[in-house]
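Here is what each chain is made of, one letter per residue.
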Amino acid sequence: MNPIDELRAARPAHLGDRPVDERTRAAELAQAMAVPRRTRRRRKAVRPVLGLAALAAGATAVAVVVAGNTAPPPQRQAPQAGPSVSATPRKVTLSARDVLLAAAEKAGRQPDRTGDWWHTTAVSRHVYPAVKGGYLVEDRQRIEAWTPRATGGDQWSREQTLGARPAGEADRAAWEQAGSPTKIDVIVPGKKLAPMSLSTASREPVTGHSPLVDGDKVFWLGRNVTMKDLRGLPDEPGKLKKWLLDSYDGHSTESSSVKMSSDAWLFAVSVGLIVDMPVTPQVRGAAFRMLAGLDSVKVVQDVTDAEGRTGTAAAIEEGDAKTGLRESRLIFDETTGQALGRESVVVEPRGAQAGLEPGTVWSSEALLEAGWTDVSPKR
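Residues numbered from 1 in each chain as written. Predicted model: local features only at pLDDT ≥ 70, side-chain atom pairs only at ≥ 80, totals over all residues. Heavy atoms only, no water.

## Here we look at the nonpolar core
Ranked by size, the top nonpolar core spans 50 residues in total, and within it Leu100, Leu221, Leu230, Leu233, Leu244, Phe288 and Leu330 carry the most contacts. Among the elements that make up this core, the one with the highest residue count is helix 7 (residues 262–276) (ten residues). Setting aside chain neighbours within four positions, we find Leu233 in contact with Leu221, Leu240, Trp243, Leu273, Val279 and Val283. One finds Ala130, Val137, Trp175 and Val186 within the second-largest nonpolar core, a separate group that totals twelve residues. (Core = buried A, V, L, I, M, F, W, Y, C linked by side-chain atoms within 4.5 Å. Buried < 20%, exposed > 50% of the residue type's maximum accessible area, 1.4 Å probe, protein only. Helix = DSSP H or I, 4+ residues; strand = E, 2+ residues; numbered from the N terminus. Contact = heavy atoms within 4.5 Å.)

Take a look at the structure:
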């Protein structure tokens, strides 16, 4: 499934259909399925940044009291820019089922406490070809989100453009050869649009909020769900699979015109559940066990994510001859069963991935923090 199309599903229904530029869509990849929709069939445009207001430079950092799915902290050294084409990971000899069942066991042992807000922090990245110079550019956004446990409140977000940069060392050399421009025109493949201009400069964070859809819907999980729905999901893999498939109609997660296999659909929805959502550790473990039962899911070890962390990936191939083939990956820490993030890797470039080499990490979301907090985002 095209991640740009996924973004259209992320726009809360109450915001209407105001046009949104492609850069905003790419920047909010991390929120593709992390907000509810009015209906499953209606296609949505991604929401723009809501009620933007520059934050004070000394804003107090949010303290997470207990992480239900807290990703291991990034390594202390500064993250290095990933290569344009990812190095070929070492394939495991263990079966995907064995690896995922082991992850399920560890994920299910994590502590489970709640707070007033479910808080996540992630960095999303999207790669574009430069119009001139023959190099790739990585656009980066840092996104924080707060979802209230109580009904009737607002969801909050805080977003920061981190600045574009060459995607890898070879790209950096080509960028420097082109004069190290601070404004870079890039191509949005698959779209009949003028080139998009990216800046290498970062910006101040901005914050915004919007009411919960219908007053209580917090996420989309095949259908709009409440916090109570999420906390009450079945923790047995067979029952969880049935609960999810009740929303499957043979097409992709947001377009009735694009066919999608049930395995690919379950994978896409389950990755959102594991990475983004405040489910219990037992349900997260059940999701891993459910993925272990899908023959089309494989496992790749020694995958380095965009933050330089080494993890294991559960992966599935999706797409077709028209839109191109890509490998969707859920990256997790095999020692804890905790999510590190997700990424989309080019297999056969067409459509929105035209011009990219096979093996390129086209888009990614690195999860830095996920857990409950009692600290209000309004502070």
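## Quick notes on the pairing of strand 6 (residues 183–186)
What you see with strand 6 is a clean split: Ile184 and Val186 sit on the buried side and Lys183 and Asp185 on the side with no burial. Judged from the four bridges that link them, strand 6 and strand 7 (residues 196–199) form a sheet pairing that is antiparallel. Opposite Asp185, over in strand 7, you have Ser197 as the bridge partner. (Pairing = 2+ DSSP bridges.)

## Focus on the pattern of salt bridges
Across all of its chains, the model carries 15 salt bridges by this definition. Linking Glu327 and Lys298 is a salt bridge whose minimum nitrogen-to-oxygen distance equals 2.8 Å. Within this pair, whereas Glu327 is found in strand 13 (residues 324–333), its partner Lys298 is found in strand 11 (residues 298–304), the two being separated by 29 residues in sequence. With a relative accessible area of 8%, Glu327 lands in the buried category. Overlapping salt bridges, with partners in common, bring together Arg125, Glu138, Arg165 and Glu307 in one network. (Salt bridge = Lys/Arg side-chain N within 4 Å of Asp/Glu carboxyl O.)

## Points about the packing of aromatic side chains
Inspection of every chain in the model, using the stated rule, returns three aromatic pairs. Relative to Trp372, the ring of Trp118 lies with its centre 5.5 Å away and its plane at 70 degrees, an arrangement referred to as edge-to-face. In this pair, Trp118 is assigned in strand 2 (residues 117–129) and Trp372 in strand 15 (residues 361–373), connecting sequence segments 254 residues apart. On the basis of relative accessibility, which here comes to 2%, the residue Trp118 falls in the buried class. Since its relative accessible area comes to 1%, Trp372 is described here as buried. Arranged with centres 5.2 Å apart and planes meeting at 70 degrees, the rings of Phe288 and Phe332 form a pair that is edge-to-face. Remark: Phe332 occurs in strand 13 and Phe288 occurs in helix 8 (residues 281–292); sequence separation between them is 44 residues. Comparing Phe288 with Phe332 shows no difference in burial state: the two are buried. Looking at Arg223, its charged tip hangs above the ring of Trp243, at a distance of 4.0 Å from the centre. (Phe/Tyr/Trp six-rings, centres within 6.5 Å; stacked < 30°, edge-to-face > 60°. Lys NZ or Arg CZ within 6 Å of the ring centre and 35° of its normal.)

## Some points on the confidence of the model for the chain
Averaged over every residue, the pLDDT of the chain is 80; residues scoring 70 or more account for 73%. Throughout residues 1–35 the model reports pLDDT below 50, and contacts reaching past four residues in sequence, or to other chains, amount to 122 contacts. Here residues 38–87 is modelled with pLDDT under 50, and outside its nearest four sequence neighbours on either side it reaches 142 contacts, counting other chains as well. (pLDDT = per-residue confidence, 0-100.)

## Here we look at unusual backbone geometry
In this structure, Ser180 takes a positive phi of about 50 degrees despite not being glycine. For Ser180, a relative accessible area of 29% translates into the label partly exposed. In this structure, Asp214 takes a positive phi of about 60 degrees despite not being glycine. By the element assignment, Asp214 lies in the loop between strand 8 (206–211) and strand 9 (217–220).

## So, helix 7
Over its 15 residues, helix 7 runs 21 Å from end to end, which matches the ideal 21 Å to within 8%, given 1.5 Å per residue. A large share of helix 7 lies buried, amounting to 14 of its 15 residues. (Expected span 1.5 Å × (residues − 1).)

## Digging into the packing of helix 6 (residues 237–245) against helix 8
Remark: helix 6 packs on helix 8, axes separated minimally by 8 Å, with the N-to-C direction vectors making an angle of 85 degrees. The pairing of helix 6 with helix 8 is recorded here as roughly perpendicular in orientation. Residue-level inspection shows Pro237, Leu240, Lys241 and Leu244 of helix 6 in contact with helix 8, the latter providing Val283, Ala286, Ala287, Arg289 and Met290. Here the contact of helix 6 with helix 8 is composed, by residue class, of seven nonpolar, no polar and two charged. (Axes fitted to C-alpha atoms, helices over the stretch in contact; angles between N-to-C directions. Parallel < 35°, antiparallel > 145°, perpendicular 65-115°, else oblique. Nonpolar A, V, L, I, M, F, W, Y, C, P; charged D, E, K, R; others polar.)

## Comments concerning helix 8
Counted at 1.5 Å a residue, the expected span for helix 8 with its twelve residues is 16 Å, and the 17 Å between its end C-alpha atoms agrees. Where burial is concerned, most of helix 8 is hidden: ten out of the twelve residues are buried. Among the residues of helix 8, those classed as buried are Pro281, Val283, Arg284, Gly285, Ala286, Ala287, Phe288, Met290, Leu291 and Ala292. At its buried positions, helix 8 is contacted by helix 3 (96–107), helix 6, helix 7 and strand 13.

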